[in-house]
Amino acid sequence: MKENNKKNKILDESFKLFRKKGTKNTSIDEITKSAGVAKGTFYLYFKDKYDLQEQLVVKKSNELFKSALNKCDKENLKTFSDKLIFIINDILDNLNNNKLLLKFISKNLSFGLYSDRIPDIISNSSLSIKDLFIDGLKEDNINIKNPEIILFMIIELVSSTCLSVITEDNPVSLTEYKPILFDSIRKMISES
């Protein structure tokens, strides 16, 4: 098994176990047995299972962004704000359809913005939500201070609120929530 394949096998198998049993109730022995690797191999890539969990959150969040970006590229959206709303809507729909993934990522969706912290688990793709955001602002001549901070705030807003909205319809259902969220995001990126 190639080195990168071993790490990916550990990531894939641990994700299954974490979703089934929870991180706390999953042992490193179970992970290595399920992945078919030695315990020493686990420690080549991860400090402990919580480091593994963080890397999985980065990977899964990044996969959500990449999928939404790929879908957005196929749409004929003219404005930057329409593209951003499309991406966020797609992510919300994916999380709504996969509540186990939502609970796993919890309120850490923004980890996917910072995949440079753990670059080897992210596929090399030219697509990046940060790039789309910065380029979109320029293309639409939107001048805002600290665009990376604004993007972080938008993703954190989505992340911190979607768990309650999707899992508990609290304070409103996702259908009721989306227009309010999208209006707030449009205001955040309007020219200042």
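Residues numbered from 1 in each chain as written. Predicted model: local features only at pLDDT ≥ 70, side-chain atom pairs only at ≥ 80, totals over all residues. Heavy atoms only, no water.

K.L.:
For this particular structure, what's the right way to read unusual backbone geometry?
P.N.:
Note on backbone geometry: most residues besides glycine have negative phi, and most peptide bonds are trans. The omega torsion across asparagine 170 and proline 171 is 5°, close enough to zero to call that bond cis. Mapped onto the elements of the fold, proline 171 is located in the loop between helix H8 (147-168) and helix H9 (174-188). (Helix = DSSP H or I, 4+ residues; strand = E, 2+ residues; numbered from the N terminus.)

K.L.:
Looking at this model, I keep getting lost on the packing of helix H4 (residues 49-73) against helix H5 (residues 80-97). Mind explaining?
P.N.:
The relative placement of two packed helices comes down to the angle between their axes together with the axis-to-axis distance. Two elements in contact, H4 and H5, have axes separated by 9 Å at closest approach and are oriented at 130°. The orientation of H4 with respect to H5, classified from their angle, is oblique. Taken as a pair, H4 and H5 cross one another with a handedness that is right-handed. Contact with H4, carried on its side by Leu64, Phe65, Ser67, Ala68, Leu69, Lys71 and Cys72, involves Lys83, Phe86, Ile87, Asp90, Ile91, Asn94 and Leu95 of H5 and no other residues of that element. Grouping the amino acids of the contact of H4 with H5 by side-chain chemistry returns nine nonpolar, two polar and three charged. (Axes fitted to C-alpha atoms, helices over the stretch in contact; angles between N-to-C directions. Parallel < 35°, antiparallel > 145°, perpendicular 65-115°, else oblique. Left-handed = near helix turned anticlockwise from the far one by under 90°. Contact = heavy atoms within 4.5 Å. Nonpolar A, V, L, I, M, F, W, Y, C, P; charged D, E, K, R; others polar.)

K.L.:
Mind showing me how you'd approach the packing of H8 against H9 here?
P.N.:
Where H8 contacts H9, the two axes come as close as 11 Å, and the packing angle between them is 170°. Considering their axes alone, H8 and H9 lie roughly antiparallel with respect to each other. Contact with H8, carried on its side by Ile150, Met153, Ile154, Leu157, Val158, Thr161, Val165 and Ile166, involves Leu174, Tyr177, Leu181, Ile185 and Met188 of H9 and no other residues of that element. Tallied by class, residues from the contact of H8 with H9 come to 12 nonpolar, one polar and no charged.

K.L.:
Sorry, what's going on with the nonpolar core here?
P.N.:
When a protein is soluble and globular, its nonpolar side chains tend to lie buried together. Residues Ile10, Leu52, Ile88, Leu92, Leu95 and Phe133 are the most contacted members of the largest nonpolar core, which totals 55 residues. With nine residues, H8 is the largest single contributor of residues to this core. Residues within four places of phenylalanine 133 in sequence aside, it is in contact with Phe80, Leu84, Ile144, Pro147, Ile150, Leu151, Ile154 and Ile189. (Core = buried A, V, L, I, M, F, W, Y, C linked by side-chain atoms within 4.5 Å. Buried < 20%, exposed > 50% of the residue type's maximum accessible area, 1.4 Å probe, protein only.)

K.L.:
When you look at the side chain of serine 159 in this model, what are you seeing that I'm missing?
P.N.:
Relative to the elements of secondary structure, serine 159 occurs in helix H8. Separated by 3.4 Å, the side chain of serine 159 and the backbone nitrogen of asparagine 108 make a polar contact. Setting aside anything within four residues of it in sequence, one finds serine 159 in contact with Ser106, Lys107, Asn108 and Leu109. (Polar contact = N/O pair within 3.5 Å; in protein donor to acceptor, adjacent residues only side chain to side chain.)

K.L.:
How should the packing of aromatic side chains be read in this particular structure?
P.N.:
How two aromatic rings sit relative to each other is set out by the distance from centre to centre and by the angle between their planes. Under the criterion given, the structure shown has six aromatic pairs. Consider the rings of phenylalanine 18 and phenylalanine 104, whose centres lie 6.3 Å apart with planes at 25°: the pair is stacked. Of the two residues, phenylalanine 18 is situated in helix H1 (residues 3-21) and phenylalanine 104 in helix H6 (residues 99-105); the sequence distance between them amounts to 86 residues. Taken as a pair, phenylalanine 18 and phenylalanine 104 share a single burial class, namely buried. Here phenylalanine 80 and phenylalanine 133 contribute two aromatic rings whose centre-to-centre distance is 5.4 Å and whose plane-to-plane angle is 70°, an arrangement assigned as edge-to-face. With phenylalanine 80 in helix H5 and phenylalanine 133 in helix H7 (residues 129-139), this residue pair connects regions lying 53 residues apart in the sequence. Residues phenylalanine 80 and phenylalanine 133 agree in their burial class; the two are buried. In this structure an aromatic cluster arises from ring pairing among Phe42, Tyr43, Tyr45 and Phe46. Geometry around phenylalanine 15 places lysine 60 over its ring, the cationic atom sitting 4.2 Å from the centre. (Phe/Tyr/Trp six-rings, centres within 6.5 Å; stacked < 30°, edge-to-face > 60°. Lys NZ or Arg CZ within 6 Å of the ring centre and 35° of its normal.)

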